Amino acid sequence: MNPIYIDKKEILKRYKPIDKHTHKGIQGHALLIGGSYGKIGAVCLSSKAALKTGCGLVTAFIPKCGYEIVQISIPEVMVLSDVQEKFISNITFDIVPQAIGIGPGIGQEQATQKAFHEFLKSNKTPLVIDADVLNILSKNKEWLSLLSPKTIITPHPKELERLIGKWNSELEKFEKAMAFSKQYQLIIVMKGAPTHIIDGDTIYENTTGNAALATAGSGDVLTGMITSLLAQSYEPINAAILGVYLHGLTADIALPETGYQSFIASDVIANIGKAYLSLENKD
Ligand SMILES: NC(=O)C1=CN([C@@H]2O[C@H](COP(=O)(O)OP(=O)(O)OC[C@H]3O[C@@H](n4cnc5c(N)ncnc54)[C@H](O)[C@@H]3O)[C@@H](O)[C@H]2O)[C@@H](O)CC1
Ligand SMILES: Nc1ncnc2c1ncn2[C@@H]1O[C@H](COP(=O)(O)OP(=O)(O)O)[C@@H](O)[C@H]1O
Ligand SMILES: [Mg+2]
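Reading the values: the criteria
- Residues numbered from 1 in each chain as written.
- Chains lettered and ligands numbered in written order.
- Predicted model: local features only at pLDDT ≥ 70, side-chain atom pairs only at ≥ 80, totals over all residues.
- Heavy atoms only, no water.
- Buried < 20%, exposed > 50% of the residue type's maximum accessible area, 1.4 Å probe, protein only.
- Helix = DSSP H or I, 4+ residues; strand = E, 2+ residues; numbered from the N terminus.
- Pairing = 2+ DSSP bridges.
- Contact = heavy atoms within 4.5 Å.
- Near = heavy atom within 4 Å.
- Polar contact = N/O pair within 3.5 Å; in protein donor to acceptor, adjacent residues only side chain to side chain.
- Areas by Shrake-Rupley, 256 points an atom, 1.4 Å probe, with all protein chains shown as cover.
- Nonpolar A, V, L, I, M, F, W, Y, C, P; charged D, E, K, R; others polar.
- Axes fitted to C-alpha atoms, helices over the stretch in contact; angles between N-to-C directions.
- Left-handed = near helix turned anticlockwise from the far one by under 90°.

Looking at the pairing of strand β9 (residues 196-199)
Both faces of β9 are covered, namely the face carrying H196 and I198 and the face carrying I197 and D199. Sheet topology note: the strand β8 (residues 187-190)/β9 ladder contains four bridges and is antiparallel. In the strand pairing of β9, I187 is matched with D199. Turn length for the β8-β9 hairpin, with the two strands adjacent in sequence and antiparallel, is five residues. As defined by bridge partners, β9 adjoins strand β10 (residues 202-206) across four bridges and the pair is classed as antiparallel. For I197, the partnering residue across the bridge sits in β10 and is Y204.

And the structure:
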């Protein structure tokens, strides 16, 4: 196991500075699908993170009960709502996003599971899958073959275990993850301390981040960041690598001000700008 370390040198090979002639119409449109009654916050965090990571437009697809919450808490985000009040039951939209992130806060209602299955059958847009949708896939493993090559999945250790089964050693975990990545041609963002990214036989190890990230919603934010980078035309592997690196960097930047304990997921979002700026520094 020889990981490639994701450090600033590795990032600068992949990072694309902004084109001064760009406009919101070509800067990428990200669609975030998620939320359910009591967990609309998850999709608020993902959507705001997507905007703050630089895509031009963001739409959130949520159940009806989240409509005012999202519109009021993040006015820059457009909203499409499901016919159901408390959960998502039918994923249809007439926009053309360049990337879709699905799962934060979405829950596991039967109707939501069915809606995801229908969505998967026809979706051709680059996809990031997180949270409850990973759990839905664990319960319906035959749907994994519907995923397009280079789909990004972002499991935390428990979600990973549900997908690939238990492991008895770190080595076995990596072997199982690599086999899973190859079987379904997926990019696996194995979240943890540190986060590893698995792309077939290649393992990347992130070098940013700290325990301040052990806080509700920090994974939801990561999903929004990676989806935003995908929407900005980064190759899936580069979107995953840059997203994970910037996400960790926000916690390293904020730590002297917040300490570990008072850092929250919104602080990740608030520090994305500084994380980008640090890529422009020469040191
Ligand atoms: N404000 C919100 O609306 C929030 C919504 N959330 C949503 O809540 C839903 C449930 O997600 P959860 O992840 O809480 O529930 P899960 O049941 O998927 O995962 C929680 C379990 O995983 C274990 N676990 C998590 N991270 C681990 C790690 N690093 N090492 C070992 N074990 C670990 C925990 O101990 C626990 O047993 C998701 O849809 C998620 O997006 C959460 O993200 C929290 C914030
Ligand atoms: N101790 C830690 N050190 C570094 N990163 C951590 C630590 N704990 C959690 N993280 C990061 O925080 C994020 C947590 O994601 P997740 O468990 O999905 O949270 P949530 O579902 O609440 O949004 C992941 O990116 C993970 O790598
Ligand atoms: Mg999560």
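A look at the environment of Y5
Tracing the sequence through the fold places Y5 in strand β1 (residues 4-6). What makes Y5 partly exposed here is its relative accessible area of 44%. Along the sequence, Y5 and N206 sit 201 residues apart, while their C-alpha atoms lie 6.0 Å from each other. In this view, Y5 contacts E10, E205 and T207; residues no more than four positions away in its chain are not counted.

Concerning the site of ligand 1
In the vicinity of ligand 1 there are 17 residues, among which G105, D132, H156, R162 and D220 approach most closely. Within the side chain of D132, one N or O atom sits 2.6 Å away from an oxygen atom of ligand 1. Taken by itself ligand 1 offers 850 Å² of open surface, and the protein chains cover 54% of this. Those elements that provide at least two residues to the shell around ligand 1 are α2 (40-52), α5 (131-139) and α6 (157-164). The greatest single-element share of the shell around ligand 1, amounting to four residues, is contributed by α6. Residue composition of the shell around ligand 1, grouped by class: five nonpolar, six polar and six charged.

Some points on the site of ligand 2
Around ligand 2 sit 16 residues in total, of which K191, G192, G217, G219 and D220 are the nearest. Between ligand 2 and K191, the relevant distance is 2.7 Å, taken from an oxygen atom to a side-chain nitrogen or oxygen of the residue. Here an oxygen atom of ligand 2 and a side-chain polar atom of S218 are 3.0 Å apart. A total of 580 Å² of accessible area belongs to ligand 2 in isolation, and the protein chains cover 76% of it. Per-element tally for the shell around ligand 2: the top contributor is helix α8 (residues 218-231), with four residues. Grouping the constituent residues of the shell around ligand 2 by class yields six nonpolar, eight polar and two charged.

What to know about the packing of α2 against α8
Contact geometry of α2 with α8 gives a least axis separation of 7 Å together with a crossing angle of 35°. Crossing of α2 against α8: the hand is right-handed. From α2, A42, L45, S46, A49 and A50 reach across to α8, where they touch D220, V221, G224, M225 and S228. In the contact of α2 with α8, the residues fall into six nonpolar, three polar and one charged.

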